[in-house]
Amino acid sequence: MVVKHEYFVGYQYIDTDYKIKNSALLSMFEDLACIHGSRVGEDIRTAPTVWLLSAYKVKIIRRPEYGEYITAYTWSRGMRGVLAQREFEIRSATGELLVCALSEWAHVFKAGGPARVTAELEAAYESEPERTNFPGERLRPPRECTEYDSEMQFTVGRIFIDVNDHMNNVHYAEISELILPDVSTASYNFEIYYRKEIKCGETVVLRHTSDGNTHTVTVKSADGAILHSIIKYTK
């Protein structure tokens, strides 16, 4: 089953160069995953379970710009145990592939604990493993860097918190850009690996390192003991 939704690339989605922001792409992907879930009976308001995102890999072929009409697509690539993979595409009004993404999710009970995907639920999602822009690829988090070019602290306010009572996945992309040097991420592909949720009021440490073609941002607890996320930008 392929789910699609049309968007107009409006003012709220663009950066200072009139191109779509990474956070806007992730917001669209989030919309699509919710639409798909609702269609198979997993409405986030009423279902006893929820899908928690663990990783994204996003490839930018051409970044959509202000004024374009685009169509976003998603489908389940496959499910096993409590884990699932989902892919996304964004295409232009003429069908040109602009962006593609691979993601991984964990199925858990809202009350706590892993929720094994039943045969009935897997059938309802109608996975399409043969339909992929990432043949043979797996999401592998990079090693955590031990040396950094720069470091800053950030405190998570309540405007960043979602219905799961932690910082929404989209905001990891946003806060990672706070520490990047004066360089646009428009020409970069990016990956995000989520490890431990961040609660309202927590202060985290952002650490940045770069080798010229790659920028890596590590998000850790204020005392450095907990790894929350690694965000990687690659040319």
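See the structure printed just above.
All values derive from a computational prediction rather than experimental measurement.

What counts, and at which threshold
Residues numbered from 1 in each chain as written. Predicted model: local features only at pLDDT ≥ 70, side-chain atom pairs only at ≥ 80, totals over all residues. Heavy atoms only, no water. Core = buried A, V, L, I, M, F, W, Y, C linked by side-chain atoms within 4.5 Å. Buried < 20%, exposed > 50% of the residue type's maximum accessible area, 1.4 Å probe, protein only. Helix = DSSP H or I, 4+ residues; strand = E, 2+ residues; numbered from the N terminus. Contact = heavy atoms within 4.5 Å. Polar contact = N/O pair within 3.5 Å; in protein donor to acceptor, adjacent residues only side chain to side chain. Expected span 1.5 Å × (residues − 1). Pairing = 2+ DSSP bridges. Axes fitted to C-alpha atoms, helices over the stretch in contact; angles between N-to-C directions. Salt bridge = Lys/Arg side-chain N within 4 Å of Asp/Glu carboxyl O.

A.B. asks: Explain the nonpolar core residue by residue, including any values.
C.D. replies: The biggest cluster of nonpolar side chains holds 53 residues, and the ones touching the most others in it are Leu26, Phe29, Tyr56, Val58, Ile90 and Ile192. Considering every element that reaches this core, the biggest residue donor is helix H1 (residues 22-39), with seven residues. In contact with Ile192, not counting residues within four places along its chain, are Leu26, Ser54, Ala55, Tyr56, Tyr172, Ala173, Ser229, Ile230 and Ile231. The next biggest cluster of nonpolar side chains, apart from the first, holds six residues, and it includes Ala55, Cys100, Leu102 and Leu139.

A.B. asks: Residue-level account of the side chain of Ser221, with values.
C.D. replies: Tracing the sequence through the fold places Ser221 in strand S9 (residues 214-221). Overall, Ser221 belongs to the buried group, its relative accessible area being 9%. Looking at Ser221, its side chain comes within polar contact range of the main-chain nitrogen of Ala225, at 3.2 Å. Beyond its immediate stretch of four places on either side in the chain, Ser221 contacts Thr203, Val204, Val205, Ile226 and His228.

A.B. asks: Would you mind going over the environment of Glu122 in detail, with residue names and values included?
C.D. replies: Tracing the chain through its elements places Glu122 in helix H2 (residues 119-125). Using a relative accessible area of 33% as the deciding quantity, one classes Glu122 as partly exposed. Taking C-alpha positions, Glu122 is 8.8 Å from Arg80, a pair spaced 42 residues apart along the chain. Excluding residues that lie within four positions of it along the chain, Glu122 makes contacts with Met79, Val117 and Ser127.

A.B. asks: Talk me through H1; I want residue IDs and the actual numbers.
C.D. replies: Over its 18 residues, H1 extends 26 Å from the first C-alpha to the last, a length consistent with the 26 Å expected when each residue adds 1.5 Å. Along H1, the positions that sit buried rather than exposed are Asn22, Ser23, Ala24, Leu25, Leu26, Met28, Phe29, Leu32, Ala33, His36 and Gly37. Just beyond H1, the residue with positive phi is Gly41, at close to 95 degrees.

A.B. asks: Give me the pairing of strand S7 (residues 189-194): which residues, what numbers.
C.D. replies: In regular strands, side chains alternate between the two faces of the sheet. Here S7 lies mainly inside the structure; five of its six residues are buried. As paired strands, strand S2 (residues 49-60) and S7 are joined by four bridges and run antiparallel to one another. Its bridge partner being in S7, Lys57 is matched across the sheet by Glu191. The sheet contact formed by S7 and strand S10 (residues 227-234) spans six bridges and is antiparallel. Among the inter-strand pairings, Phe190 is bridged to a residue of S10, identified as Tyr233.

A.B. asks: Any chance you could break down the sheet that holds S10 for me, citing the residues and the numbers?
C.D. replies: Strands sit in the order S1-S3-S4-S5-S2-S7-S10-S9-S8-S6 across an open sheet of 10 strands; the sheet is antiparallel. At either end of the open sheet lies a strand with only one pairing partner, and these are strand S1 (2-8) and strand S6 (150-155). Geometrically, the sheet is characterised by an average inter-axis angle of 20 degrees between neighbouring strands, direction not taken into account. Where S1 meets strand S3 (residues 69-80), seven bridges bridge the pair, whose relative direction is antiparallel. When the bridges of S3 are listed, Val2 appears paired with Trp75. Packing against the sheet, H1 makes contact with S1, S2, S3, strand S4 (83-91), strand S5 (97-109), S7 and S10, and its axis sits at approximately 140 degrees to S1.

A.B. asks: How would you sum up the pattern of salt bridges? Please name residues and give values.
C.D. replies: Summed over all chains, the structure comprises 11 salt bridges. A salt bridge links Glu144 to Lys220; the shortest N-O distance between them is 2.7 Å. Of this pair, Glu144 sits in the loop between H2 and S6 while Lys220 sits in strand S9, and the two are 76 residues apart along the sequence. Between Glu197 and Lys196 there is a salt bridge, and its shortest N-O distance comes to 3.4 Å. Owing to a relative accessible area of 38%, Lys196 belongs among the partly exposed residues under this scheme. Connected through shared salt-bridge partners, Lys57, Lys59 and Glu137 make up one network.

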